[in-house]
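Overview (structure and organization)
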Amino acid sequence: MEQLLYASATIIVGVFGCVAYFYGSNLLLDVALPPRGEKAGRNINLSNMIRPWLFLGPAVALLGLYLVYPVIRSIDLSFRDASGDAWVGLDNYRWMLSDAKFYESLINNFWWLIVVPAASTFFGLIAATLTDRIKWGNLAKSLIFMPMAISFVGASVIWKFVYDYRGTGGDEIGIINAILVGLGGQPQAWITLEPWNSFFLMIILIWIQTGFAMVILSAALRGIPEETIEASILDGANPWQIFWKIKVPQIWGTIAVVWTTITILVLKVFDIVLAMTNGQWGSQVLANLMFDWMFRAGDFGRASTVALVIMVLVTPIMVWNIRNARREMV
Amino acid sequence: MDNIAGQKSALGWAVNIAVVALVLLWTIPTIGLLVSSFRDRDQISTTGWWRALTASEQNVIVRSAPPDAQVAEGDLWVIAGNIFEDGEGEVTAFGVTSRAPTALTPGTVGEMSKDRTMTVDASGNYRITSPVEFSGSRGTRIFATTLTPPQFTLANYDRVLFSEGIFRSFINTFTVTIPATVIPILIAAFAAYALAWMEFPGRALLIAAVVGLLVVPLQMALIPLLKLHNQIGIGKDYLGIWLAHTGFGLPLAIYLLRNYIAGLPREIIESARVDGATDFEIFRRIILPLSFPALASFAIFQFLWVWNDLLVATVFLGNNEEQLVMTGRLRELLGSRGGDWEILAASAFVSIAVPLVVFFTMQRYLVRGLLAGSVKGG
């Protein structure tokens, strides 16, 4: 209970602190450079130059400290030893390039990057198209969207139960194996089944992300001008053609956004692998490999090197996003 | 626009069925765990959760009452009783030996060795007779196939909340989440206003930087910040994790709010300026009230993100009993109690209940935030 008091106190102090800072600093600026008197013009210009930075100050400081500085520091750490003190040159990179687990992670990440965005976008598109046509569509959307609210660990518990394997003796209590047995097949230990287990882990992320894709694509589909669809109906297009040749090409931009957003998420996701297999049975991914080296091995140099690889993989999307954002603002 | 002549009804059915299938696929995993969280340990491990809704058939081995309980009836010694402890259930078959545990139908009499007989009726009453007195200390084994009616229990929740430390983790998660959701909002709102409505050199560059920082992997930030936090003495403290979540949440907050605030009507802001309002007043009197929907969207995002986060909590908060958050606890349970589904299921639902409630009550704002964050910006 004591810590809840601590938390409440922090909220109050934090909120009041922010308000006091913004109010106080603006007041101070007005007093220091009054917009009247003989130097009014100069003062107004000066305060117009300073004020934006008062507004931006805390945000820029926090962003700099919590996101920009770590990137630079990580680059530095990747050239240092386990404790982050002694300079070791390219040793960490040499280690990485000869590490089997690194290659395994790279290959698995490659599959994650292909399968999860593609499948989520695909199912999202289907779900969006279908739910927009029926009366209870909003309820259906809610239910498909729901896994978004569930943590990756929670989702892992849910799916570990789905994949549960008993083997011989007793009924299967995991629904997939139960169905398989019901159809006359052999139950499988899905989680340890190399090399397919990675794909069973991907299903969890697809399950979570489809709702996101659906919501965004559904809005894009509704934004398509009716005239284009009416014209194609008049020209005799069937629903299949309308969907693939009229609707989908018009929402390419949104599909790309959904795709890249999920791609970024895939690169960062580690909770699922950590909770389901912890990288065993050939299912390691970069984010979990980094966590492994950082937490279990306590080797900050190698962990930073792996983190940098993730950063490098994210960079093209970052550049693409920035270019799009700038184009839109002009 | 979908009413293409003649195709509507057939297509309509197909669409409805397809959506039902999708919804089932997407909800069944969750429902399975939810149902299991209300079943007791034996039920979970012997039958699939989908059987929980109907009576379940089980093969059981029960011991009769011990020989002490025997009574003499004429020249026979008799042990009688009911195989169901709570008196509920139905016997569909029974047997007297392990070689044929389902050989006899209820009500018939089974012959045992030494001229003993056994009979079990459908409601579970058994009667074992013997021409000589029963001896020994243990009862006779009865093999039975029983139908047990659906049974649900709250015992799992009772157990995880009050004796497995989940409640403590629940409070910890709350402690982490609330300040980490509230504090970034104000900081971001001011910055977003400056980026949307104030002219100054470097503005475009800053916006580009925010867009870029949106995708920086957290993995990059962990080690340098952990070192930094340790140096200034907030290494395993709530203050550290609040600051970390604030920093990590800011790009999205600024981005979402800037998009929204930049879309507010120019006339309102210009006319306020003409009337002599300062930027601070414009922000407080006009921007803040008008951007409530965007603020709500971000708050929900940040709440869900922080509540569900495992990575930041593991790194910036201790893994000890006092500081473990819900996600960390769940992960630990998955490792140490992997087969104890009654504990896992109930714990998982305690942890996802809050985000689900937030999700279903505030879905409107969440969707709006998603759209503002992705479709417009990209």
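Nothing here was measured: the structure is a model prediction, and the numbers come from that model. (Residues numbered from 1 in each chain as written. Chains lettered and ligands numbered in written order. Predicted model: local features only at pLDDT ≥ 70, side-chain atom pairs only at ≥ 80, totals over all residues. Heavy atoms only, no water.)

Examining the overall build of chain A
Quick reminder of the rule: Segments assigned H or I by DSSP are reported as helices when at least four residues long, segments assigned E as strands when at least two residues long, and all are numbered from the N terminus. C-alpha atoms define the radius of gyration in this analysis, and the globule rule sets the expected value at 2.2 Å times the number of residues to the power 0.38. When a residue's accessible area, from a 1.4 Å probe over protein chains only, is under 20% of the maximum for its type it is buried; when over 50% it is exposed; and in between it is partly exposed. For this analysis, residues touch if any pair of their heavy atoms sits within 4.5 Å. By the counting rule applied here, Lys and Arg register as positive and Asp and Glu as negative, while His and the ends of each chain are not counted. We put the charge of a Lys on NZ, of an Arg on CZ, of an Asp on CG and of a Glu on CD.
Within chain A one finds 14 helices and 0 strands. In sequence order, chain A lays out its α and β elements as α-α-α-α-α-α-α-α-α-α-α-α-α-α. In summary, chain A has a C-alpha radius of gyration of 26 Å against a globular reference of 20 Å for 330 residues, an excess of more than 25%. Over its C-alpha atoms, taken along the principal directions, chain A stretches across nearly 90 × 70 × 50 Å. Per-residue burial for chain A yields a buried fraction of 51% across its 330 residues. Put simply, of all contacts in chain A between residues at least 6 apart along the chain, 65% involve residues at least 24 apart. Of note, chain A has its 22 positive side-chain charges centred 8 Å away from the centre of its 22 negative side-chain charges.

What about the interface of chain A and chain B?
Note the cut-off: Summed over both partners, buried area is the accessible surface (1.4 Å probe) that two parts give up on being assembled. We define a salt bridge as a side-chain nitrogen of Lys or Arg found within 4 Å of a carboxyl oxygen belonging to Asp or Glu. We call two N or O atoms a polar contact when they sit within 3.5 Å, provided that within protein one can donate a hydrogen and the other can accept it, with sequence-adjacent residues counted only if both atoms are side-chain atoms. In this count, Pro and Cys sit with the nonpolar residues alongside Ala, Val, Leu, Ile, Met, Phe, Trp and Tyr, while Asp, Glu, Lys and Arg are called charged and the others, Gly among them, polar.
With 116 residues of chain A at the interface, the matching set in chain B holds 119 residues. Surface buried jointly by chain A and chain B totals about 10400 Å² across both partners, of which 79% is contributed by carbon and sulfur atoms. Interface area lost by chain A to chain B is led by Phe 55, Tyr 66 and Phe 161 of chain A, which between them contribute 8%. Between chain A and chain B we count 0 salt bridges in total. The interface formed by chain A and chain B holds 10 residue pairs in polar contact (both at pLDDT 80 or more) in total. If one sorts the elements of the side of chain A that touches chain B by residue count, helix 2 (residues 40–77) of chain A sits on top with 20 residues. Here the residues of the side of chain A that touches chain B sort into 84 nonpolar, 17 polar and 15 charged.

A word on the UniProt feature "transmembrane region" (unreviewed entry) in chain A
All names here are of chain A. This is how it is decided: UniProt positions are given in the numbering used here, feature names are shortened, and annotations may be inferred rather than shown by experiment.
Mapped onto this numbering, the UniProt entry gives "transmembrane region" (unreviewed entry) at residues 6–29, 50–69, 110–131, 143–162, 199–221, 251–276 and 300–322. Structurally, residues 6–29 is divided into 100% helix and 0% strand, and its ends, taken at the C-alpha atoms, are 33 Å apart. Taken end to end, residues 300–322 has its terminal C-alpha atoms 30 Å apart, with 100% of it in helix and 0% in strand.

Quick notes on the domain arrangement of chain A
Keep this limit in mind: Boundaries of every domain are those given by an automatic assignment or by a domain database.
Taken domain by domain, chain A comprises domain 1 (2–77) and domain 2 (93–329). With centres defined by C-alpha atoms, the gap from domain 1 of chain A to domain 2 of chain A works out at 39 Å.

A few points about empty space enclosed by the protein
The method is simple in principle: a probe with the dimensions of a water molecule rolls over the atoms, and the space it marks as empty is what remains. Formally: Here a cavity denotes grid points, spaced 1 Å and computed from the protein atoms alone, that fit a 1.4 Å probe unable to get out, and a pocket denotes an open set having protein on both sides within 12 Å along at least 5 of 7 lines; residues with an atom within 4 Å of a point are the lining. Grid points are joined across faces, edges and corners, and a volume is the space filled by probe spheres set on the points.
For the structure shown, the criterion picks out 5 cavities of 30 Å³ or more. Surrounding the largest cavity, 48 residues form its lining, Thr 261, Leu 265 and Lys 268 of chain A together with Leu 252 and Trp 305 of chain B being those nearest its centre. Counting only elements with at least two residues in the lining of the largest cavity, the list comes to helix 8 (197–222), helix 11 (252–268) and helix 14 (300–329) of chain A together with helix 5 (203–213), helix 6 (218–232), helix 7 (238–262), helix 10 (292–308) and helix 14 (363–377) of chain B. At 7 residues, helix 11 of chain A tops the list of elements feeding residues into the lining of the largest cavity. Looking at the lining of the largest cavity residue by residue, the class counts come to 31 nonpolar, 14 polar and 3 charged.

Side note on the layout of surface pockets
The calculated volume of the largest pocket comes to roughly 680 Å³. Forming the walls of the largest pocket are 28 residues, and the residues nearest its centre are Trp 197, Met 198, Glu 199, Arg 273 and Asp 279 of chain B. Secondary-structure elements contributing two or more residues to the lining of the largest pocket are helix 2 and helix 14 of chain A together with helix 4 (166–197), helix 5, helix 7 and helix 8 (266–274) of chain B. Residue contributions to the lining of the largest pocket peak at 5 residues, all from helix 2 of chain A. When its residues are assigned to classes, the lining of the largest pocket shows 14 nonpolar, 4 polar and 10 charged.

Topic: the sheet that holds strand 7 (residues 125–130) of chain B
Residues and elements named next belong to chain B. Our working definition: Should DSSP find at least two bridges between two strands, the strands are regarded as paired. For every element, the axis is a line fit to its C-alpha atoms; helices are fit only across the contacting stretch, and the angle between N-to-C directions ranges from 0 to 180 degrees.
Taking strand neighbours across the sheet as the criterion, the 5 strands line up as 2-3-7-6-5 in an open arrangement whose pairing is antiparallel. Every other strand in the sheet has two partners, leaving strand 2 (71–73) and strand 5 (109–111) as the edge strands with one partner each. Across the sheet, the mean angle from the axis of one strand to that of its neighbour is 30°, orientation sign disregarded. Bridge analysis of strand 6 (residues 117–120) against strand 7 gives 4 bridges, and the strand direction is antiparallel.

A word on the domain arrangement of chain B
Partitioning chain B into structural domains gives domain 1 (12–51), domain 2 (56–148) and domain 3 (158–375). A straight line from the C-alpha centre of domain 2 of chain B to that of domain 3 of chain B covers 63 Å.

Structural notes on the pairing of strand 8 (residues 141–148) of chain B
Residues and elements named next belong to chain B. With 6 of 8 residues buried, strand 8 is to be regarded as a mostly interior element. Sheet topology note: the strand 4 (residues 90–95)/strand 8 ladder contains 5 bridges and is antiparallel. For Gly 95, the partnering residue across the bridge sits in strand 8 and is Phe 143.

Re the packing of aromatic side chains
Spelled out, the test is: Ring geometry is summarised as follows: Phe, Tyr and Trp rings, the Trp one being its six-membered ring, pair when their centres sit within 6.5 Å, and such pairs are stacked at plane angles under 30 degrees, edge-to-face over 60 and tilted between the two. By the criterion adopted, a ring carries a charge over it if an Arg CZ or a Lys NZ lies within 6 Å of its centre and within 35 degrees of its normal.
Evaluation of the coordinates by the stated rule reveals 40 aromatic pairs over all chains. Joined through ring pairs, the aromatic side chains of Tyr 21, Phe 22, Tyr 23 and Phe 55 of chain A together with Phe 190, Tyr 193, Phe 280 and Phe 283 of chain B make up one cluster. Of note, Arg 302 of chain A hangs over the ring of Trp 293 of chain A, and the distance from its end group to the ring centre comes to 5.1 Å. The ring of Tyr 365 of chain B is capped by Arg 364 of chain B, whose NZ or CZ atom sits 4.9 Å from the centre of that ring.

Focus on the nonpolar core
The nonpolar side chains of soluble globular proteins are, as a tendency, buried together. Basically, it comes down to this: By nonpolar core is meant a set of buried Ala, Val, Leu, Ile, Met, Phe, Trp, Tyr and Cys residues that side-chain atoms within 4.5 Å join together.
Ranked by size, the top nonpolar core spans 203 residues in total, and within it Trp 112 of chain A together with Phe 248 and Phe 316 of chain B carry the most contacts. Counting residues per element, this core draws most heavily on helix 4 of chain B, at 18 residues. One finds Ile 79, Met 112, Val 120 and Ala 144 of chain B within the second-largest nonpolar core, a separate group that totals 16 residues.

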